[in-house]
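# Survey of secondary and tertiary structure
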Amino acid sequence: MDLTRAGASTGGRPSSISLIREATQVGLEARGFEPSFGPGADLTLVDVLDDGLSPWVEGAGIESLYDRLGPLLVRVHAVPGDHAPATGLRELLSHADGVIVSTRSHLVRLGSAGLLQADRTDLIAPAAPEMFAGTNGAVGEGILVLGEDLPEELEQALYGLSLGCSVLGPDAHDSGAARRFRSLLARHEVAVLTEPEHGEDGVIAAVCAQLGRALVAPGGVDLAAQPHCFPVSSRPTALDWTAALRGALDHAQLPELREEETGEQLDRLARVLTRARRRKECSRPTAA
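If you're wondering where the values come from, they're calculated on a predicted model, not measured in any experiment.

### Quick notes on the sheet that holds strand β4 (residues 121-123)
Strands sit in the order β1-β2-β3-β4 across an open sheet of four strands; the sheet is parallel. The open sheet terminates on both sides in strands that have one partner only, identified here as β1 (44-50) and β4. Across this sheet, the average inter-strand angle for adjacent strands is 25 degrees, counted without regard to direction. Strand direction decides the pairing type here: strand β2 (residues 72-78) and strand β3 (residues 98-101), joined by four bridges, are parallel. Looking at the pairing, V76 lines up with V101 of β3. Lying on the sheet, helix α4 (residues 104-112) is in contact with β1, β2, β3 and β4; it crosses β2 at an angle near 115 degrees.

Next comes the structure, spelled out in structure tokens:
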């Protein structure tokens, strides 16, 4: 079940969420699980975005989650910023039998807010789909922009470098997301993320590395540490975009990621789901 940004009036979810969920479904099926949606499920895994907004629409059937027989696990996706956790997220986590977060900084932030219980919290980076570049290693042309729209500063930088671009909004459909993304990225030389939350989990960066494409995105030390990533600030100027794009265009292709990196994360997720149990109501120390 996906509650990510369901109640937001300002647009869709990060582009990586579809890739994460598709990789999760495929990976769990390969490990003997049967992912589906229904009230009779042995357990329920919910994806939700911590962006300070209510994670569901009024009347979306959230109460039915609390009445299910199996355990409820909530996987929380981080969005950078100083926003306080939404009331709806706090309520959801209070009902959860288990919580999964993907970054240590997010773990500390949610734990400090008193939203996590140490004995039912797991830290697992989200799995990226396995995608491979063509045997000839050919690089496409132009820029693929992932975002709601094209920022004016980025448009100025593209114009100054005489670069064309395609703009792809967040994809709300999990089925085939990886295949569509690979097809699009294969026809472009560089991927550009316009919002910090689109690259927070590192999945888009991992996919670009697999396909041998450079990535330009708002980010910090995590992106800067990867040779195929060219980070800009959260509020980049046209000069910032121009410098990052120049670096990305000069970047040589990288070898593909090792296959076991995704497999190990899915193995850990499978173990968490397997041991999930309905918790008994009792006081527990917070993860903070």
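### So, helix α1 (residues 15-30)
Because an α-helix packs 3.6 residues into every turn, residues spaced three or four apart end up facing the same way. Along its 16 residues, α1 runs 24 Å from first to last C-alpha, staying within 8% of the 22 Å computed at 1.5 Å per residue. The complete set of buried residues in α1 reads S15, S16, I17, S18, L19, I20, R21, E22, A23, T24, G27 and L28. One or two steps after α1, the chain reaches G32, where phi turns positive at roughly 95 degrees.

### Concerning the nonpolar core
Counting 24 residues, the largest nonpolar core has L19, F181, L185, I204, V207 and L215 as the members making the most contacts within it. When residues of this core are traced back to their parent elements, those giving at least two are α1, β5 (143-146), α6 (177-186), β7 (190-193), α7 (203-211) and β8 (214-218). The biggest single contributor to this core is α7, with seven residues. In contact with V207, other than residues within four places in its own chain, are L19, A128, P129, M131 and F181. With 17 residues, the next largest nonpolar core counts V74, V76, L89 and L92 among its residues.

### Comments concerning the sheet that holds β8
Taken in spatial order, the five strands make up an open sheet running β6-β5-β7-β8-β9, and their pairing is parallel. Every other strand in the sheet has two partners, leaving β6 (165-168) and β9 (229-232) as the edge strands with one partner each. The average angle at which neighbouring strand axes cross in this sheet is 20 degrees, direction not considered. Two strands pair when backbone bridges link them, and β5 and β6 are joined in this way by four bridges, in the parallel orientation. Across the sheet, residue L146 finds its bridge partner in β6, namely L168. With respect to the sheet, α6 is in contact with β5, β6 and β7, its orientation differing from that of β5 by roughly 140 degrees. Contacting β5, β7, β8 and β9, helix α9 (residues 238-249) runs over the sheet at an angle of about 180 degrees to β9.

What counts as what
- Residues numbered from 1 in each chain as written.
- Predicted model: local features only at pLDDT ≥ 70, side-chain atom pairs only at ≥ 80, totals over all residues.
- Heavy atoms only, no water.
- Pairing = 2+ DSSP bridges.
- Helix = DSSP H or I, 4+ residues; strand = E, 2+ residues; numbered from the N terminus.
- Axes fitted to C-alpha atoms, helices over the stretch in contact; angles between N-to-C directions.
- Contact = heavy atoms within 4.5 Å.
- Expected span 1.5 Å × (residues − 1).
- Buried < 20%, exposed > 50% of the residue type's maximum accessible area, 1.4 Å probe, protein only.
- Core = buried A, V, L, I, M, F, W, Y, C linked by side-chain atoms within 4.5 Å.

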